[in-house]
Amino acid sequence: MSKNGFTTEILHSDRRTGCEFGAVHQPLHPSAEYAFADARELAAVFQGKPGFSYSRQGTPTTAALEKKLTHMEQGIGSVSFATGMAALSATFFTLLKAGDHLICSKYIFGNTNSLLGTLQGLGVEITLVDATDVEAVKQAKRSNTIMVFTETIANPGTQIADLEAIGEWCKTEGLLYVVDNTLSTPWLSPARLFGAGLAVNSLSKHIAGHGNALGGMVTDTGLFDWSRYPNISSAYQQGNAKGWGLTQIKKKGLRDMGGTLSSDAAHRVATGMETLPLRMAKACDNACQLAHYLAGHPSVTTVLYPGLSSHPQHRRATSLFNGRYGTLMGVELAADIDVFDFLNKLKVVVLSTHLGDTRSLTLPVAHTIYYEMGAEQRALMGIGDNLLRISIGIEDYADLEGDFAQALEA
Ligand SMILES: *Cc1c(COP(=O)(O)O)cnc(C)c1O
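Residues numbered from 1 in each chain as written. Predicted model: local features only at pLDDT ≥ 70, side-chain atom pairs only at ≥ 80, totals over all residues. Heavy atoms only, no water.

The next point concerns the overall build of the chain. Within the chain, the regular secondary structure consists of 15 helices and 12 strands. Expected size for 410 residues packed as a compact globule is a radius of gyration near 22 Å; at 22 Å, the chain falls within 12% of this value. For the chain, the residues scored as buried account for 54% of the 410 residues in total. Contacts in the chain between residues far apart in sequence, at least 24 positions, make up 71% of those at least 6 positions apart. As displayed, the chain has an accessible area near 17,500 Å², and 52% of this comes from carbon and sulfur atoms. (Helix = DSSP H or I, 4+ residues; strand = E, 2+ residues; numbered from the N terminus. Rg over C-alpha atoms; globule rule 2.2 N^0.38 Å. Buried < 20%, exposed > 50% of the residue type's maximum accessible area, 1.4 Å probe, protein only. Contact = heavy atoms within 4.5 Å. Areas by Shrake-Rupley, 256 points an atom, 1.4 Å probe, with all protein chains shown as cover.)

Written out as structure tokens, the structure is:
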């Protein structure tokens, strides 16, 4: 691993590899196939020598992006995918089989929850637990448990998993610990520091950051001993066991499901992520200030944000994320406010799904992302009709506060 800091390494890693004409970016390679002058070399690449053959399995442009993510996560290697969901699908489908047991946080992204349903249909056993408490995770263990999965900060409730304690327990038990680091990003903390064996990131959110590219990444932190994992195919048990897991995720994940990141999107993600620390610092500051403002507003019932001392995991967040609390909040408006009328009055904040954008975005949770599950399930989860999810961007703070103030007043 290089000794450079987080941002320096991202900014300079392309040109250090010797790009043509002194270019500071890796070229954007659209080629679908790679040609060989020597048939032995072609065979060698098929047999595992680093190189490129068919672009479903990667290109020099996606490889350059993978290198930067690996640095951010302090890992040993990464594989890129077309979206975060493609990265998660590849992880679960290539590493789990029927009869295996997965322990999973119950506070997870709705689309990931949908994916778990698909896995269950194929015979994977899943127990959903309150991952804010390591004891709940421990109690769920069965003889066939092989993986534990959680996100860092949940959406929209902002619950923070007991990340370090779960990591320590997984280490003791020899379980593969997979952490979706999308909401906090490797800048608030690499998932390796929680003890994760694999870190998954949706690049579509903060990492690309500008709402103009989709992508996903799986990074091996180097902490997990793959020689103890029951589901690695003998074809991938070659050489140092450190590489086995990622080789299987890459070979099988990209080949079987084909959710490959395009070079074009990889290039846009790579330029977006050059400013990740600057954008995160500003957006986290904006979010923290706005959360305090809204928490004191008479027309707001509840603000769910880890930066508020009232948040159940406030102290945990402070110690895990270096005094930053993320950019996402849940805000419940007073019952006498019509949520649609309120939203229609916003002028700066954009009515849109998505999060981790440079622009602040909001949507009414019950009527959109949690609509499909029905009113009964929402009531059980404490999702009221007036709950907004707000993803804060990098606008000038006064404009954000002013926008909420005028919409709440009117
Ligand atoms: C958005 C998101 C994903 C999926 O990422 P896409 O790039 O949209 O497929 C996965 N996990 C979390 C926590 C997310 O917020």
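Here we take up the side chain of Ser55. Within the secondary structure, Ser55 is located in the loop between helix 2 (39-46) and helix 3 (60-72). Not counting the four nearest positions on each side in its chain, Ser55 is found in contact with Ser31, Ala32, Glu33, Tyr34 and Thr260.

Moving on: the domain arrangement of the chain. Domain annotation for the chain reports domain 1 (6-273) and domain 2 (276-409). Averaged C-alpha coordinates put domain 1 and domain 2 at centres separated by 28 Å. Each partner contributes residues to the interface: domain 1 has 35 residues there, and domain 2 has 35 residues. Carbon and sulfur atoms supply 65% of the area buried between domain 1 and domain 2, which totals about 2,800 Å² over both sides. The interface formed by domain 1 and domain 2 holds 1 salt bridge in total. Summed over the shared surface of domain 1 and domain 2, the number is 17 residue pairs in polar contact (both at pLDDT 80 or more). When contributions to the side of domain 1 that touches domain 2 are tallied by element, the ones reaching two or more residues are helix 1 (6-16), helix 7 (163-173), helix 8 (185-188) and helix 10 (263-273). For the side of domain 1 that touches domain 2, the element with the most residues is helix 8, which contributes 3 residues. Looking at the side of domain 1 that touches domain 2 residue by residue, the class counts come to 16 nonpolar, 16 polar and 3 charged. (Domains from an automatic or database assignment. Buried area = accessible area lost by both parts, 1.4 Å probe. Salt bridge = Lys/Arg side-chain N within 4 Å of Asp/Glu carboxyl O. Polar contact = N/O pair within 3.5 Å; in protein donor to acceptor, adjacent residues only side chain to side chain. Nonpolar A, V, L, I, M, F, W, Y, C, P; charged D, E, K, R; others polar.)

Residues Leu294, Met329 and Phe342 are the most contacted members of the largest nonpolar core, which totals 75 residues. Considering each element in turn, this core owes the most residues, 8 residues, to helix 11 (residues 276-295). Domain assignment of the residues forming this core places at least three in each of domain 1 (6-273) and domain 2 (276-409). Ala87, Leu176, Phe224 and Ile249 belong to the second-largest nonpolar core, a separate cluster that totals 35 residues. (Core = buried A, V, L, I, M, F, W, Y, C linked by side-chain atoms within 4.5 Å.)

Scanning the model with the defined rule gives 11 salt bridges in all. Two residues, Asp264 and Arg268, come together in a salt bridge whose shortest N-O distance is 2.2 Å. Taken together, the residues span about one helical turn, with Asp264 and Arg268 both in helix 10 at a distance of 4 residues.

Let's shift gears to the site of the ligand. Around the ligand sit 13 residues in total, of which Gly84, Asp180, Ser202, Ser204 and Lys205 are the nearest. A distance of 2.6 Å separates an oxygen atom of the ligand from a polar atom in the side chain of Ser204. Lys205 is positioned such that a nitrogen or oxygen atom in its side chain is 2.7 Å from an oxygen atom of the ligand. In isolation the ligand has 380 Å² of accessible area, and contact with the protein removes 91% of it. Classifying every residue of the shell around the ligand gives 4 nonpolar, 6 polar and 3 charged. (Near = heavy atom within 4 Å.)

The grouping of Met373, Leu380 and Met381 at the surface amounts to a nonpolar patch, some 300 Å² of accessible area in total. Counting through the fold element by element, Leu380 comes out in helix 14 (residues 375-381). (Patch = residues over 30% accessible without salt bridge, like charges linked within 9 Å, V, L, I, M, F, W, Y side chains within 5 Å.)

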